[in-house]
Amino acid sequence: GRAKLILEAPEETGEVSHSARVIAEQAERMTRIIRQMLDFARRRGPQKERVNLGELALRTTALLEPLAKKHGVTVVVAADAGATTEADAAAIQQVLTNLFVNAIQAMPGGGSLAIRLARERRTPPAHVGGGAGDYLCVHVEDTGPGMSPEVLEHIFEPFFTTKEVGR
């Protein structure tokens, strides 16, 4: 609440205003994460809305920029102008955050992380079902070492990690 008050003060500009905006956005994001954890436990459905995934990727990148710089990782986002779809923005941002943080942490000696969003003609995987069509695809690529086949088997398990306790 105090961050929002600072943000609304007409005399605050520049870095103070930017910092207040980031604090307010992150407080709201933390609230959404807690709600998502509760929703996960209760299995509530997604809250879909019209979302520009390119803008969402850029906002997520801006939030993680300090971490990327600390690890010597450069991040590039490329998105088609029409990277808009119906989605749960909070859930997509959490997925992107998890992917970005994992990629950055997997490159402690530096590297690059590229996010590309584009409409592509695709056929969904058999377990998802559906026919070929134009889909908005999100590609996340990094120059890290990759995942072993054993780790890859667990990629969609909630709370699976290879990180040490407390990290």
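These numbers were taken from a predicted model, which means no experiment stands behind them. (Residues numbered from 1 in each chain as written. Predicted model: local features only at pLDDT ≥ 70, side-chain atom pairs only at ≥ 80, totals over all residues. Heavy atoms only, no water.)

Draft legend 1. Representation of the environment of alanine 78. Note that alanine 78 resides in strand β2 (residues 73-79). Residue classification places alanine 78 among the partly exposed positions, given a relative accessible area of 37%. Along the chain, alanine 78 and leucine 58 lie 20 residues apart, while their C-alpha atoms are 9.1 Å from each other. (Helix = DSSP H or I, 4+ residues; strand = E, 2+ residues; numbered from the N terminus. Buried < 20%, exposed > 50% of the residue type's maximum accessible area, 1.4 Å probe, protein only.)

Draft legend 2. Summary view of the nonpolar core. Leu53, Val73, Phe100, Leu113, Ile115 and Leu117 are the most contacted members of the largest nonpolar core, which has 19 residues in total. Of all elements in the fold, only α3 (53-70), α4 (89-105) and β4 (111-122) reach the threshold of two or more residues within this core. If one sorts the elements of this core by residue count, α4 sits on top with six residues. Not counting residues within four places of it along the chain, the set of residues in contact with leucine 53 comprises Ala83, Thr85, Ile92, Leu117, Leu136 and Val138. (Core = buried A, V, L, I, M, F, W, Y, C linked by side-chain atoms within 4.5 Å. Contact = heavy atoms within 4.5 Å.)

Draft legend 3. Broad picture of the pattern of salt bridges. With the rule as written, the count across this model stands at five salt bridges. Taking the shortest distance from any N to any O, the salt bridge between lysine 69 and glutamate 65 comes out at 3.6 Å. Of this pair, lysine 69 and glutamate 65 both sit in helix α3, four residues apart, which is roughly one turn of the helix. On the basis of relative accessible area, glutamate 65 is assigned to the partly exposed category, the value being 39%. In this structure, the salt-bridge partner of glutamate 120 is arginine 122, at a minimum N-O distance of 2.5 Å. Put simply, Arg116, Glu120 and Arg122 are held in one network by salt bridges that share partners. (Salt bridge = Lys/Arg side-chain N within 4 Å of Asp/Glu carboxyl O.)

Draft legend 4. Representation of the packing of α3 against α4 within the structure. The N-to-C vectors of α3 and α4 enclose an angle of 40°; their axes lie 10 Å apart at closest approach. Here α3 lies oblique to α4, going by the angle between them. Between α3 and α4 lies a crossing whose hand is right-handed. Residues Leu53, Leu56, Ala57, Thr60, Thr61, Leu63, Leu64, Leu67 and Ala68 of α3 pack against Ala89, Ile92, Gln93, Leu96, Thr97, Phe100, Val101 and Ile104 of α4. A per-class count over the contact of α3 with α4 returns 13 nonpolar, four polar and no charged. (Axes fitted to C-alpha atoms, helices over the stretch in contact; angles between N-to-C directions. Parallel < 35°, antiparallel > 145°, perpendicular 65-115°, else oblique. Left-handed = near helix turned anticlockwise from the far one by under 90°. Nonpolar A, V, L, I, M, F, W, Y, C, P; charged D, E, K, R; others polar.)

Draft legend 5. Highlighting the sheet that holds strand β5 (residues 133-142). Read across the open sheet, the three strands follow the order β2-β4-β5; overall the sheet is mixed. Lying at the two open borders of the sheet, with one neighbouring strand each, are β2 and β5. Adjacent strand axes in the sheet meet at a mean angle of 15°, parallel and antiparallel pairs treated alike. Bridge count for β4 against β5 is 10 bridges, and the pairing is antiparallel. Bridge pairing in β5 places arginine 121 opposite aspartate 134. Most of the contacts of α3 go to β2, to which it runs at about 175°, and overall it touches β2, β4 and β5. (Pairing = 2+ DSSP bridges.)

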